[in-house]
Amino acid sequence: MNNRKIFDNTIWIVGCKIFRAVLGLIVTMLSARYLGPSGYGIISYAASIVTFVVPVMQLGLNSTLVQELISEPDREGTVMGTSIAMSTVSGVCCIVGVTAFTAVTNPGEPMTVLVCALYSVQLVFQAMELLQYWFHAKLLSKYASLAMLVAYVCASAYKILLLVCGSTVYWFALAQTVEFFVISATLFVIYSRKCRSPLRFSWKLFLRMFSRSKYYIVSNIMISVFSQTDRIMLKIMMDESAVGFYSAAVTCAGIGGFVFEAIINSAQPVILECARKGTETLEKAVSGLYSVIIYLSLAQCVVITVLADVFIRVLYGEQYEPAVAALRLIVWYATFAHMGAVRDVWILAQWKQKYLLVINLIGATTNVVLNGAMIPLLGINGAALASLLTQIFTNVGLGYIIKPIRRNNTLMLRGLNPGLIKHMLSARNRRSR
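Residues numbered from 1 in each chain as written. Predicted model: local features only at pLDDT ≥ 70, side-chain atom pairs only at ≥ 80, totals over all residues. Heavy atoms only, no water.

**Q** Where do I start with the overall build of the chain in this structure?
**A** The number of helices and strands found in the chain is 19 helices and 0 strands. A total of 433 residues make up the chain; the buried ones form 50% of that total. Look at the contacts in the chain between residues 6 or more apart in sequence, and 81% of them connect residues 24 or more apart. Total accessible area on the chain stands at roughly 19,800 Å², and carbon and sulfur atoms take up 67% of it. (Helix = DSSP H or I, 4+ residues; strand = E, 2+ residues; numbered from the N terminus. Buried < 20%, exposed > 50% of the residue type's maximum accessible area, 1.4 Å probe, protein only. Contact = heavy atoms within 4.5 Å. Areas by Shrake-Rupley, 256 points an atom, 1.4 Å probe, with all protein chains shown as cover.)

This is how it looks when you write it as structure tokens:
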């Protein structure tokens, strides 16, 4: 039946994510050891800057494309062609912007500027990745996942080849470009075979689409500021080695991130369905999800906090030992980030999306201020502490300040009851029968 197909598809997609996570960890570990804290730090710095401009490159279309495709089924080729064309143009402009920004903020550092410029080349091919939303709209996500898995394997093989050949950091900066090139080519080939509507461009359609998508640009930029400020400020206020140590800690803290993502993503449709059945049913589901996330996060935090030194030494080597203390802080802010993801599902179910912009704007501002104050005092540990405090304030504190979302905090506190996990699992088993 349909439930069985959905379950099988979910298992297949989660399996791909597990494979990517394991492969990514191995390749990242080897690359970080080879490049050292300085080289790895420059790559991480470039990645953070490019992440900042991705929302501009996408023009907010990534947030509205599925809706556009569903509402315009007879013009899907034009919808996709228009989106990809304008995102490609925007991507070229963003490459220029990234290069100019790094040249201004890193004067006298030609290596940093060149690495950032090379890393940003991916933006041109990343525009074609918008094709994945056509697959989502057609419930053909399996093909998009397969394309990304193939691309990730190719990019990993490329990095391993660089390690074998003893290549410079410049070639590592192009790894993401290789990945997005393969994704673009694979998605285009599959799309061409599955869709009878060729890609076309319409200026009139773009203006209409952009009038809806433009509101997501600022919100998505704020999310990027929220997540990437610490690394960029570390590079500007300290050096690339500090970014390398910090990035190593972030990677270790996020080892199990795909598990939390899979749980929340699979629970989202159930929660949205519960919202239609009534407030009581919705709140039970949300509290149960909170309980699962909270206790899994606590287990992860305890393990990584106790074994932080082992994780860093085994994965990155003794040269990354300064990352140990930062890891013990970062793993806790990841917990509050997962709780924020659950809150966002509740917000969606309650049609309170307009508060996300306020939340993200306040969070981004808080993060910049705290990083600016704590990095000079505590270095990478200050950045980790700033991010932890920001996550606590944004995902818990603001829930008490912004009255319309205050009810979510009550559900979060209910999630501290471990008995809700059993209730949630039994409810899901009844649903699957």
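**Q** Just to check I follow, could you spell out helix H14 (residues 308-315) for this structure?
**A** Residues that lie three or four places apart on an α-helix share one face, since the helix turns once every 3.6 residues. Regarding H14, the residues found buried are Ala308, Ile312 and Leu315. Across the axial projection of H14, the buried residues extend over an arc of 85°, all falling on one side. With its phi angle positive at about 95°, Gly317 sits one or two positions after the end of H14. (Arc of directions from axis to C-beta.)

**Q** How do you make sense of the pattern of salt bridges when you look at a structure like this?
**A** Opposite charge on two side chains allows them to pair when their charged atoms are near. In the structure shown here, the tally under the stated rule is 8 salt bridges. Of the charged contacts in the structure, one is a salt bridge between Lys235 and Glu109, with a shortest N-O distance of 2.8 Å. Taken together, the positions of Lys235 in helix H10 (residues 203-237) and Glu109 in the loop between helix H3 (76-105) and helix H4 (110-120) put the pair 126 residues apart, joining distant regions of the chain. Residues Glu283 and Arg414 are paired through a salt bridge, measuring 3.6 Å at the closest nitrogen-oxygen approach. With Glu283 in helix H13 (residues 279-306) and Arg414 in helix H18 (residues 406-414), the pair connects residues that are 131 residues apart, well separated along the chain. Its relative accessible area of 40% is what places Arg414 among the partly exposed residues. (Salt bridge = Lys/Arg side-chain N within 4 Å of Asp/Glu carboxyl O.)

**Q** Whenever I open this one, the environment of Val56 confuses me. Can you help?
**A** Within the secondary structure, Val56 is located in helix H1 (residues 2-58). What makes Val56 partly exposed here is its relative accessible area of 32%. Separated by 160 residues in sequence, Val56 and Tyr216 place their C-alpha atoms 9.7 Å apart. Apart from residues lying up to four places away in sequence, Val56 is in contact with Ser90, Cys94 and Ile221.

**Q** Which parts of the structure should I look at to understand the packing of aromatic side chains?
**A** One pair of aromatic rings is described through two measures. These are the centre distance and the angle between the planes. Counted according to the given criterion, the structure contains 9 aromatic pairs. Ring centres of Tyr40 and Tyr316 lie 6.2 Å apart, and the angle between their planes is 40°; on these two criteria the pair is classed as tilted. Taken together, the residues Tyr40 in helix H1 and Tyr316 in the loop between H14 and helix H15 (323-349) connect sequence positions 276 residues apart. Across the pair, exposure class does not vary: Tyr40 and Tyr316 are buried alike. (Phe/Tyr/Trp six-rings, centres within 6.5 Å; stacked < 30°, edge-to-face > 60°.)

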